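Listed below are the residues making up each chain.
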Amino acid sequence: MFSNLDAPEIIVQAVERSSGGGVFVYDLDLLDPNGRVLEQWRGLALRIVASSDAKPVRALGLIGPYLERRLGEIAPQAGIKIAFRGDSSEAESMLKPLTVTYRVDGKPEAYTNGDHRRETFVSAAHSGRFRVAVSGNSAIGCDLERIVPHGDEEWRDLLGPEHFAYWSHLVRESLDSAEIGTRLWSVRESLTKLGMRLPLLLRVSAELPDGWIEFAAQGCRIHTCVIKPDGEPNPFVFAIAH
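Treat the numbers as computed from the prediction; the structure is a model and nothing was measured. (Residues numbered from 1 in each chain as written. Predicted model: local features only at pLDDT ≥ 70, side-chain atom pairs only at ≥ 80, totals over all residues. Heavy atoms only, no water.)

Student: How should the overall build of the chain be read in this particular structure?
Tutor: Secondary structure summary: the chain contains 4 helices and 13 strands in total. Every one of the 242 residues in the chain was classed for burial, and the buried ones make up 40%. Contacts in the chain between residues far apart in sequence, at least 24 positions, make up 49% of those at least 6 positions apart. For the chain, the computed accessible surface area is about 13,600 Å², with 51% contributed by carbon and sulfur atoms. (Helix = DSSP H or I, 4+ residues; strand = E, 2+ residues; numbered from the N terminus. Buried < 20%, exposed > 50% of the residue type's maximum accessible area, 1.4 Å probe, protein only. Contact = heavy atoms within 4.5 Å. Areas by Shrake-Rupley, 256 points an atom, 1.4 Å probe, with all protein chains shown as cover.)

Student: Explain helix H1 (residues 60-74) here, please?
Tutor: Given 3.6 residues per turn, any residue in an α-helix points the same way as the ones three and four places further on. Between its first and last C-alpha, H1 extends 22 Å over 15 residues, near the 21 Å set by a 1.5 Å rise per residue. Here the buried face of H1 lies against strand E4 (81-85), strand E11 (213-217), strand E12 (220-227) and strand E13 (236-241). (Expected span 1.5 Å × (residues − 1).)

Student: Got a minute to help me understand the packing of aromatic side chains in this structure?
Tutor: One pass over the structure, following the stated rule, counts 5 aromatic pairs. When the centroid spacing of 6.4 Å and the interplanar angle of 50° are considered together, the rings of Tyr 66 and Trp 212 count as tilted. With a gap of 146 residues between them, Tyr 66 in helix H1 and Trp 212 in the loop between strand E10 (203-207) and E11 connect regions that are remote in the sequence. Chaining the aromatic ring pairs together yields one cluster made of Phe 84, Phe 130 and Phe 236. (Phe/Tyr/Trp six-rings, centres within 6.5 Å; stacked < 30°, edge-to-face > 60°.)

Student: Hey, could you run me through the side chain of His 223 in this one?
Tutor: Counting through the fold element by element, His 223 comes out in strand E12. Look at His 223 and you get buried, because its relative accessible area is 2%. A distance of 3.1 Å separates the side chain of His 223 from the side chain of His 242, its partner in a polar contact. (Polar contact = N/O pair within 3.5 Å; in protein donor to acceptor, adjacent residues only side chain to side chain.)

Student: Help me understand the nonpolar core, please; the structure alone is not making it clear to me.
Tutor: The nonpolar side chains of a soluble globular protein tend to be buried with one another. Counting residues in hydrophobic clusters, the biggest one holds 22 residues, and the most contacted among them are Leu 67, Ile 82, Val 132, Val 134, Leu 144, Ile 227 and Phe 238. Elements supplying a minimum of two residues to this core: H1, E4, strand E8 (130-136), strand E9 (141-146), E12 and E13. If near-sequence neighbours (up to four positions away) are discounted, Phe 238 is found in contact with Leu 67, Leu 71, Ile 82, Val 132, Val 134, Cys 142, Asp 143, Leu 144, His 223, Thr 224 and Cys 225. (Core = buried A, V, L, I, M, F, W, Y, C linked by side-chain atoms within 4.5 Å.)

Student: Sorry if this is basic, but what is going on with the environment of Leu 144 here?
Tutor: When you line up the elements, Leu 144 lands in strand E9. Leu 144 has contacts with Phe 84, Ala 125, His 126, Ser 127, Phe 130, Val 132, Ile 227, Phe 236, Val 237 and Phe 238, leaving out every residue within four places of it along the chain.

Student: Help me understand the confidence of the model for the chain in this model?
Tutor: For any part of a model where pLDDT is low, the fine detail of the predicted coordinates should not be relied upon. Averaged over the chain, the pLDDT score is 85; the fraction of residues at 70 or greater is 81%. Taking the mean pLDDT of every element in the chain, the minimum, 55, falls on helix H2 (residues 91-94) and the maximum, 97, on E13. (pLDDT = per-residue confidence, 0-100.)

Student: Any chance you could explain the packing of helix H3 (residues 152-172) against helix H4 (residues 177-193) here in plain terms?
Tutor: Axes are the key here: two packed helices are described by the angle between their axes and the distance separating the axes. Here H3 crosses H4 at 125°, and the two axes come no closer than 10 Å. In terms of their interaxial angle, H3 and H4 are classed as oblique. H4 is crossed by H3, and the crossing has right-handed handedness. Across from Trp 155, Leu 158, Leu 159, His 163, Tyr 166, Trp 167, Leu 170 and Val 171 in H3, the residues of H4 making contact are Ser 177, Ala 178, Ile 180, Gly 181, Thr 182, Leu 184, Trp 185 and Arg 188. (Axes fitted to C-alpha atoms, helices over the stretch in contact; angles between N-to-C directions. Parallel < 35°, antiparallel > 145°, perpendicular 65-115°, else oblique. Left-handed = near helix turned anticlockwise from the far one by under 90°.)

Student: What exactly am I supposed to notice about the pattern of salt bridges here?
Tutor: Side-chain pairing between opposite charges can occur once the charged atoms of the two side chains come close. By the definition in use, this model includes 13 salt bridges. Where Arg 70 meets Glu 73, a salt bridge forms, and the shortest distance between an N and an O atom there is 2.9 Å. With Arg 70 and Glu 73 both in helix H1 and 3 residues apart, this pair spans about one turn of that helix. Among the ionic pairs, Arg 183 bridges to Glu 179, the shortest N-O distance being 2.9 Å. Linking Arg 183 with Glu 179, this pair stays in helix H4, spanning 4 residues, or about one helical turn. A relative accessible area of 2% means that Arg 183 is categorised as buried. Through salt bridges with shared partners, a single network forms among Arg 70, Glu 73 and Asp 210. (Salt bridge = Lys/Arg side-chain N within 4 Å of Asp/Glu carboxyl O.)

Shown next as structure tokens:
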């Protein structure tokens, strides 16, 4: 099977065709540095044989695919697509093949390219050198914030009195003060991008074993997780509201 794999470097290209029931189906190509096909599989089915505790994804190139796959499991009806970069890319290049325009208030709007244009919903955020862009089939808002410790008064200023009181309650339940404060801050920013007026009554609606926390607010679901790209001293909170 691997008689042609004599290249000093092998490039793997994979396209996921379907997934479900612990089975993932891919089209897979192995190429040499010149683009010559060395091996090719179509409809390669891979099955999960054992579950294990999920480890945080740190490689920059895998953070976007991880977030997109996990949200596809948590909220499959939302049709969420995600691009995550560590450079100066803007939403236009990150969300190809969408056509992105901006309203007068700066909010991005997007349409699928091609003969049958269909409106899709987009949002983007950045923190430091990192940028994230998301799209979905309904109204959506996202945020990205670095986790930094603050004192009580700073959290009150960031969260407002109502959400500061909820932060205090969650901290008393032994949640890390900087992490949960940043999650709440990102939730607020995501809801604002969704067009919701703050403050809203927030509650934790689900805590998943791999560290995702879901919040609920006035018919909206807001999913949050912590990511720590390689080489970064502080982790980040990613939040998406829909």
